[in-house]
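Survey of secondary and tertiary structure
Listed below, chain by chain, are the residues.
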Amino acid sequence: MIDCGFSAREAVKRLQLLNIDPASLSAILITHEHADHMAGVRVMARKFNLPVYTTPGTAGCLPEDVAPYIHAFNCHEKFVIDDIEVEPFPVPHDAREPSQFVFSDGALRVGLLTDVGSITPLIENTLSACDALLLEANHDLTMLEQGEYPEHLKRRVGGRLGHLNNVQSASLLEKIDTSRLQHIMAMHISEKNNCPSIAVPLLAEALGCEHDWIGVADQEAGFDWREVNNR
Ligand SMILES: [Zn+2]
Ligand SMILES: [Zn+2]
């Protein structure tokens, strides 16, 4: 499981909707210490005795009683959990030592990129040639600028250490190799500063695909299983 921003109770409920027994999880990976990524990790780790993989910087920001469960990784070195290879990479975001991931079984690669203020060459290289991609499309710049967030928060969200806007996410898709892509899921979509009806057409245009090919991770409903197939 990657991140746990819901309470443990809510996380368990959502896992069960996907027919996952929480006790069957191998580990929790934490991308960074912001509450919407780790609020439930303390209870989940203790209740289900789960190792918690994260960077040393993030580990230092987690509750003290998570410490016995921590497996700290080097953000520049791949590691393995069960039969999945995890490739972490550092990203610009206003957290202590944030990382995002590419997961591989040796044949297929699934990339995750969220909570990132700006795109780096490392991000482009690492996310090229993925078979599936979960990609932040956090805000529409105009909605953010004209919205109700206080000024400091607007600057934070829209800044180089904030979050990707729709145009940034679309231009990443234009730059990287997407020829293998079987699924894309737009995620971390702001409820106040964005709307799928704005984000989806931009991502679809970047990929040259139909709008309904772009998946959307809804904050309430999440999304169902997707299958990535060997070709
Ligand atoms: Zn977040
Ligand atoms: Zn964050």
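Residues numbered from 1 in each chain as written. Chains lettered and ligands numbered in written order. Predicted model: local features only at pLDDT ≥ 70, side-chain atom pairs only at ≥ 80, totals over all residues. Heavy atoms only, no water.

Some thoughts on the sheet that holds strand S9 (residues 183–187)
Strand order in the open sheet made by the seven strands is S4-S5-S6-S7-S8-S9-S10, with mixed pairing throughout. Looking at strand neighbours, the two that pair on one side only are strand S4 (79–81) and strand S10 (214–216), the edges of this open sheet. Sheet twist, expressed as the average angle between the axes of neighbouring strands with direction ignored, equals 25°. By the bridge criterion, five bridges tie strand S8 (residues 132–136) to S9 in an arrangement that is parallel. (Pairing = 2+ DSSP bridges. Helix = DSSP H or I, 4+ residues; strand = E, 2+ residues; numbered from the N terminus. Axes fitted to C-alpha atoms, helices over the stretch in contact; angles between N-to-C directions.)

Remarks on the UniProt feature "domain: Metallo-beta-lactamase" (unreviewed entry) in the protein
In the numbering used here, UniProt assigns the "domain: Metallo-beta-lactamase" (unreviewed entry) feature to residues 2–181. When the span residues 2–181 is considered, its composition is 32% helix and 19% strand, and the gap between its end C-alpha atoms is 21 Å. (UniProt positions renumbered as here; feature names shortened; annotations may be inferred.)

Re the packing of helix H1 (residues 8–17) against helix H3 (residues 41–48)
H3 packs onto H1 with a crossing angle of 65° between their chain directions and a minimal axis gap of 8 Å. One element, H1, and the other, H3, form an angle in the roughly perpendicular class. Where H1 abuts H3, its residues Ala8, Ala11, Val12 and Leu15 lie against Val43, Met44 and Phe48. Across the contact of H1 with H3, the residue classes tally to seven nonpolar, no polar and no charged. (Parallel < 35°, antiparallel > 145°, perpendicular 65-115°, else oblique. Contact = heavy atoms within 4.5 Å. Nonpolar A, V, L, I, M, F, W, Y, C, P; charged D, E, K, R; others polar.)

Quick look at the coordination of the zinc ion (ligand 2)
Each protein donor to the zinc ion (ligand 2) is listed here as His32 (NE2), His34 (ND1), His93 (NE2) and Asp115 (OD); together their distances run 2.2 to 2.4 Å. Considering all four donor atoms around the zinc ion (ligand 2), angles at the metal cover 92 to 167° and the coordination shape is irregular. Sequence spacing among the residues donating to the zinc ion (ligand 2) works out to H-x1-H-x58-H-x21-D. Here the zinc ion (ligand 2) and the zinc ion (ligand 1) are spaced 3.6 Å apart, linked through Asp115, which binds each one. (Donors = N, O, S within 2.8 Å, 3.2 Å for Na, K, Ca; no water. Tetrahedral: all angles 85-135°; square planar, octahedral: opposite > 155°, others 65-115°.)

Quick look at the coordination of the zinc ion (ligand 1)
Here the zinc ion (ligand 1) is held by Asp36 (OD), His37 (NE2), Asp115 (OD) and His188 (NE2), and the distances to it run 2.1 to 2.2 Å. Donor residues for the zinc ion (ligand 1), ordered by position in the chain, follow D-H-x77-D-x72-H. Given the relative accessible area of 43%, Asp36 is considered partly exposed. (Buried < 20%, exposed > 50% of the residue type's maximum accessible area, 1.4 Å probe, protein only.)

Digging into the packing of aromatic side chains
Two descriptors summarise a pair of aromatic rings, namely the distance from one centre to the other and the angle between the planes of the rings. Per the counting criterion, the structure on display carries four aromatic pairs. For the pair Phe73 and Phe79, a centre-to-centre distance of 4.8 Å together with 25° between the ring planes defines the contact as stacked. Classification of Phe73 as buried rests on a relative accessible area of 5%. With 5.8 Å between their ring centres and 65° between their planes, Phe73 and Phe101 make a pair best called edge-to-face. (Phe/Tyr/Trp six-rings, centres within 6.5 Å; stacked < 30°, edge-to-face > 60°.)

Observations regarding the packing of helix H8 (residues 166–175) against helix H9 (residues 196–207)
H9 packs onto H8 with a crossing angle of 15° between their chain directions and a minimal axis gap of 8 Å. Between H8 and H9, the interaxial angle falls into the category roughly parallel. Between H8 and H9 the crossing geometry is right-handed. In contact with Asn166, Val167, Ser169, Ala170, Leu173 and Glu174 of H8, H9 contributes Ile198, Ala199, Leu202, Leu203, Ala206 and Leu207. Here the residues of the contact of H8 with H9 are counted per class, giving nine nonpolar, two polar and one charged. (Left-handed = near helix turned anticlockwise from the far one by under 90°.)

A few points about the pairing of S8
Among the five residues of S8, four are classified as buried, and the element is accordingly described as predominantly covered. Bridge count for strand S7 (residues 109–113) against S8 is four bridges, and the pairing is parallel. Bridging across to S8, Leu113 finds its partner in Leu135.

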